[in-house]
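What the coordinates show
Here's the letter readout for the chains.
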Amino acid sequence: MAVMSTLEPERGTGTGTLVEPTPQTSHGDGDHERFAHYVQKDKIMASALDGTPVVALCGKVWVPGRDPKKYPVCPMCKEIYESMSGGGDEGKGGDKK
C-alpha cells in the first residue's frame, strides 16, 4: 500500500489545473464615489464662481464639476437631509449637487 503525502503532488500523474488569482480591484476615488450629494445652494454658487471646494451633508469635500442629475443620490446625504426639519422640501435644507 502506497502512502501519499499531502505536501507534494504525486509525480508523473495526470495534468493539473492552473488556477489564476482573481484580480484585485481598487476601491479608491473611482466610479463607486459617483453620487449626487446634498450641498447648500449658496455654497454651490460660490464654488461655481471661484472654484472653492464644497462640503456635502455626508462630509465629502470636492469641487463640483459634473451634472448631478446623471448620478444616484448619496444614501448618507439623503438620510441626513430627510432627518432635518423640513426634509423633503427642496427649498429649505439644501440642494442636490
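For the structure itself, look to the data block above.
These numbers were taken from a predicted model, which means no experiment stands behind them. (Residues numbered from 1 in each chain as written. Predicted model: local features only at pLDDT ≥ 70, side-chain atom pairs only at ≥ 80, totals over all residues. Heavy atoms only, no water.)

A short note on the environment of R34
- Examined against the element boundaries, R34 turns out to sit in the segment before β1 (38–39).
- Taking C-alpha positions, R34 is 9.1 Å from P68, a pair spaced 34 residues apart along the chain. (Helix = DSSP H or I, 4+ residues; strand = E, 2+ residues; numbered from the N terminus.)

A closer look at the state of the cysteines
- Throughout the structure, instances matching the rule amount to zero disulfides.
- Take C58: it sits in no disulfide, and the sulfur closest to it among the cysteines is that of C77, at 3.6 Å.
- C74 forms no disulfide, and the closest cysteine sulfur to it belongs to C77, at a distance of 4.0 Å. (Disulfide = S-S within 2.5 Å.)

Focus on the packing of aromatic side chains
- Taken as a whole and assessed by the stated rule, the structure comprises one aromatic pair.
- Ring geometry for Y38 and Y81: centres 4.6 Å apart, planes at 10°, overall stacked. Remark: Y81 occurs in helix α2 (residues 75–83) and Y38 occurs in strand β1; sequence separation between them is 43 residues. As far as burial versus exposure is concerned, Y38 and Y81 are alike and both buried.
- The ring of W62 is capped by K60, whose NZ or CZ atom sits 5.6 Å from the centre of that ring. (Phe/Tyr/Trp six-rings, centres within 6.5 Å; stacked < 30°, edge-to-face > 60°. Buried < 20%, exposed > 50% of the residue type's maximum accessible area, 1.4 Å probe, protein only. Lys NZ or Arg CZ within 6 Å of the ring centre and 35° of its normal.)

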